[in-house]
Amino acid sequence: MSTNDPSKLLIVDDLPENLRALDALIRDDKRQVFQASSGEEALTLMLEHEFALAILDVQMPGMDGFELAELMRGTERTRNIPIVFVSAAGRELNYAFKGYEQGAVDFLYKPLDPDAVRSKVNVFVTLDQQRREMRRQMEALERSRREQEILLRELNKTQEELQRSLRMRDDFMSLVAHELRTPLNTLFLETQMRSLQLKRGNLPAFNPEQMGNMIKRDERQIKAMIRLIDDMLDVSRMKSGTLSIRPGKVELMGLLERVVSDLSLQAAAANSTLQLAIHAPVEGVWDEFRIEQVIVNLLTNALRYGGGGQVDIAVQRVADASCGSRVRIDVRDHGKGIAPDFIERIFEPYERGAKAGEPKGLGLGLYISRQLATSHGGELTVQSVPGQGATFSLLLPCVELAVPAPAVSA
Ligand SMILES: Nc1ncnc2c1ncn2[C@@H]1O[C@H](COP(=O)(O)OP(=O)(O)OP(=O)(O)O)[C@@H](O)[C@H]1O
Ligand SMILES: [Mg+2]
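Quick notes on the rules
Residues numbered from 1 in each chain as written. Chains lettered and ligands numbered in written order. Predicted model: local features only at pLDDT ≥ 70, side-chain atom pairs only at ≥ 80, totals over all residues. Heavy atoms only, no water. Domains from an automatic or database assignment. Contact = heavy atoms within 4.5 Å. Buried area = accessible area lost by both parts, 1.4 Å probe. Salt bridge = Lys/Arg side-chain N within 4 Å of Asp/Glu carboxyl O. Polar contact = N/O pair within 3.5 Å; in protein donor to acceptor, adjacent residues only side chain to side chain. Helix = DSSP H or I, 4+ residues; strand = E, 2+ residues; numbered from the N terminus. Nonpolar A, V, L, I, M, F, W, Y, C, P; charged D, E, K, R; others polar. Pairing = 2+ DSSP bridges. Axes fitted to C-alpha atoms, helices over the stretch in contact; angles between N-to-C directions. Near = heavy atom within 4 Å. Areas by Shrake-Rupley, 256 points an atom, 1.4 Å probe, with all protein chains shown as cover. 1 Å grid on protein atoms, 1.4 Å probe; cavity = no way out; pocket = protein on both sides within 12 Å on 5 of 7 lines; lining within 4 Å. Sits in = over half its atoms within 2 Å of the grid points. Core = buried A, V, L, I, M, F, W, Y, C linked by side-chain atoms within 4.5 Å. Buried < 20%, exposed > 50% of the residue type's maximum accessible area, 1.4 Å probe, protein only. Phe/Tyr/Trp six-rings, centres within 6.5 Å; stacked < 30°, edge-to-face > 60°. Lys NZ or Arg CZ within 6 Å of the ring centre and 35° of its normal.

### Details of the domain arrangement of the protein chain
With domains assigned, the protein chain is organised as domain 1 (7-137), domain 2 (154-240) and domain 3 (248-402). On a C-alpha basis, the centres of domain 2 and domain 3 stand 24 Å from each other. Taken together, the contacts link 15 residues of domain 2 with 16 residues of domain 3. Buried area between domain 2 and domain 3, summed over both chains or domains, comes out near 1400 Å², and the portion from carbon and sulfur atoms is 65%. Between the two partners, domain 2 and domain 3, sit 1 salt bridge. The interface formed by domain 2 and domain 3 contains 2 residue pairs in polar contact (both at pLDDT 80 or more). Sorting the residues of the side of domain 2 that touches domain 3 by element identifies helix H5 (114-199) and helix H6 (208-240) as the ones contributing at least two each. Examining the composition of the side of domain 2 that touches domain 3, we find that 9 residues originate from one element, H6, more than from any other. Of the residues in the side of domain 2 that touches domain 3, the class split is 8 nonpolar, no polar and 7 charged.

Structure representation (C-alpha cells):
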C-alpha cells in the first residue's frame, strides 16, 4: 500500500440507516469507506484490507462492539487497527473495555455530533498517513542500506581483483625478465668462452664437431626465448581477437609421433617416457601448427608436473550426433594432480601453481591452448584426482564444421 493510496475506514453497525449516515459524514475522495452490518462481516473485511480505523457500534445483536474488539485484539493482522466505539452515552460507558493496550481507542456518543465525528476521524486518518509515510521511508532506507552493502561488497571484490592483477603483473614482469635472462646469460657466457679460446689461439675448440655442438646449444637457448616471446604475442593477439586459425589437411597420428620424438630428450631429462597408444591414421582439417602447439604445451606440462612417471597419449573417436564423430586426444600423467579449487584457474593467463623450487613457466600454456582449442571450435578440459595425476583432453571439432573440407577418414 503506498502513501498515496486512500486510507481505508471500516464502519460496523447493524442498522443500515446508521451506516449510511456515518458513511456520508466521514467519506471524502481520499478515503475509502467499507461497511459491515455485523461483527463477523467486519472480521472478514479486516482480514482482506488494511484499515486506518474501525468505527464499531457497541450495541449490536449477536457479537457486540466490545466482543468484536476483543477478537480483533487476538489476531495479529487486526490487533493494531485503531477503534472508535459508538455508544449511547451514559449506559455502556460503565462497561470498561479491558485489554486493548494500543491506546488507539476512542468513543463517540449518540446522537452523533458531525463535527466531533469528522475531527476524530481526521486525527486517525492523519495518523495512518504518517505511519504509512514512515513505513515507506523505513523501507526505502532499508533498500538503500542493502544496495550500499552490495555496492560495498562489489567494490571490495573489484579492489581485491585489482590488487591481485597488479601483483600478477609485477610477478609476471619479474618472471619474464628472469626467463629471458637465463638463456641470454648462457649465450653471453658461451660468447665470452669462445672469444677467450680465440684470443688464446685454441683453434681445435672450433673444429666442426665442437662447432656443431655449439650451434645446437645456441639454438636451444634461442628457441626458448622465441617460445617465450611467441607465447606473449599469442596472448596479446588472443586478447585483441586477431589470432587466426589456418586450417589444412592434417594427419594426427603422424603429428603426434613427430612431437613425441621431438620431446624425447626432454622426457628423458625429466625421467619420463612418452607413450603414444597405437591408432590408425586420423585425418582431419585443422590448423596443424596450432594443434601441435597445444599438444606440445600439454606434453611439456605433463613432463614438468607429472613427477617423472609415464605420460600416456591416446587418440580416440567420440560419437557426435551432428557429424558422426569427433576426435579426442588424452594426455595423462601420474603426477601430483591438481587441487580442485585450482583446477579452473589453471586456464587463466599467468596462473601458475609452481612454488619455490618447482619448475617455472609463465602460466600461459594452458590459457593459450584452451583459446586455440575453442577458436578451432573444439574444447580443452581437464580431470584430476589430487595425488593420482591429471588427464587433459583436447576435443577437436567435427571436420565438416571446421571448414568445408573433405570428411575425416579413419
Ligand atoms: N599436468 C599437470 N599436472 C599438475 N599441474 C599442472 C599440470 N599442467 C598444468 N598444471 C598447473 O597449471 C599451471 C598452469 O599451467 P600452464 O601450462 O598454463 O603454465 P606453466 O606451465 O606454469 O607456464 P608456461 O606453460 O607458460 O610455460 C601450472 O603452473 C601448474 O601449476
Ligand atoms: Mg605450461
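### Digging into the sheet that holds strand S7 (residues 273-276)
Within a sheet, each strand pairs with its neighbour through backbone hydrogen bonds, oriented either parallel or antiparallel. The strand order S7-S9-S10-S12-S11 describes an open sheet built from 5 strands, whose pairing is mixed. The open sheet has two edge strands with one neighbour each: S7 and strand S11 (379-384). Mean inter-strand twist for the sheet, computed between neighbouring axes without regard to direction, equals 20 degrees. Here 6 bridges tie strand S10 (residues 324-332) to strand S12 (residues 390-396), and the two strands are oriented antiparallel to one another. Paired with Arg332 across the strands is Thr391, a residue of S12.

### Quick look at the site of ligand 1
Taken together, 20 residues surround ligand 1, and among them Asn301, Tyr305, Asp333, Leu364 and Leu366 come closest. A distance of 2.8 Å separates an oxygen atom of ligand 1 from a polar atom in the backbone of Leu364. Considered on its own, ligand 1 offers 600 Å² of accessible surface; in the complex 96% of this is hidden by protein. Taking a 2 Å distance to the grid points as the criterion, the majority of the atoms of ligand 1 fall inside the second largest pocket. Counting residues per element, the ones that place at least two in the shell around ligand 1 are helix H9 (288-305) and helix H10 (365-375).

### Let's talk about the nonpolar core
In this structure, Leu274, Ile295, Leu299 and Phe392 are the most contacted members of the largest nonpolar core, which totals 51 residues. Of all the elements, H9 adds the most residues to this core, at 7 residues. Residues in contact with Leu299, not counting those within four places in the same chain, are Val259, Val260, Leu263, Leu274, Val311, Ile313 and Val331. In this structure, Leu10, Leu45, Phe51 and Met72 belong to the second largest nonpolar core, which totals 20 residues.

### Quick notes on the packing of aromatic side chains
This structure, assessed with the given rule, holds 5 aromatic pairs. With centroids separated by 5.4 Å and ring planes inclined at 80 degrees, the aromatic side chains of Phe34 and Phe51 adopt a geometry described as edge-to-face. Of this pair, Phe34 sits in strand S2 (residues 31-36) while Phe51 is found in the loop between helix H2 (39-48) and strand S3 (53-57), placing the two residues 17 residues apart along the sequence. Per residue, the accessibility class of Phe34 equals that of Phe51, and both read buried. Here a set of aromatic residues connected by ring pairs shows up, and it is made of Phe66, Phe85, Phe107 and Tyr109. The cationic tip of Arg370 hangs over the ring face of Phe347; the distance from NZ or CZ to the ring centre is 3.6 Å.

### Examining the pairing of S3
By the criterion of burial, S3 is predominantly enclosed, with 5 of the 5 residues buried. Neither face of S3 is left uncovered, since the one carrying Leu53, Ile55 and Asp57 and the one carrying Ala54 and Leu56 both have all their residues buried. The sheet contact formed by strand S1 (residues 7-12) and S3 spans 4 bridges and is parallel. Within S3, the residue paired with Leu10 across the bridge is Ala54.

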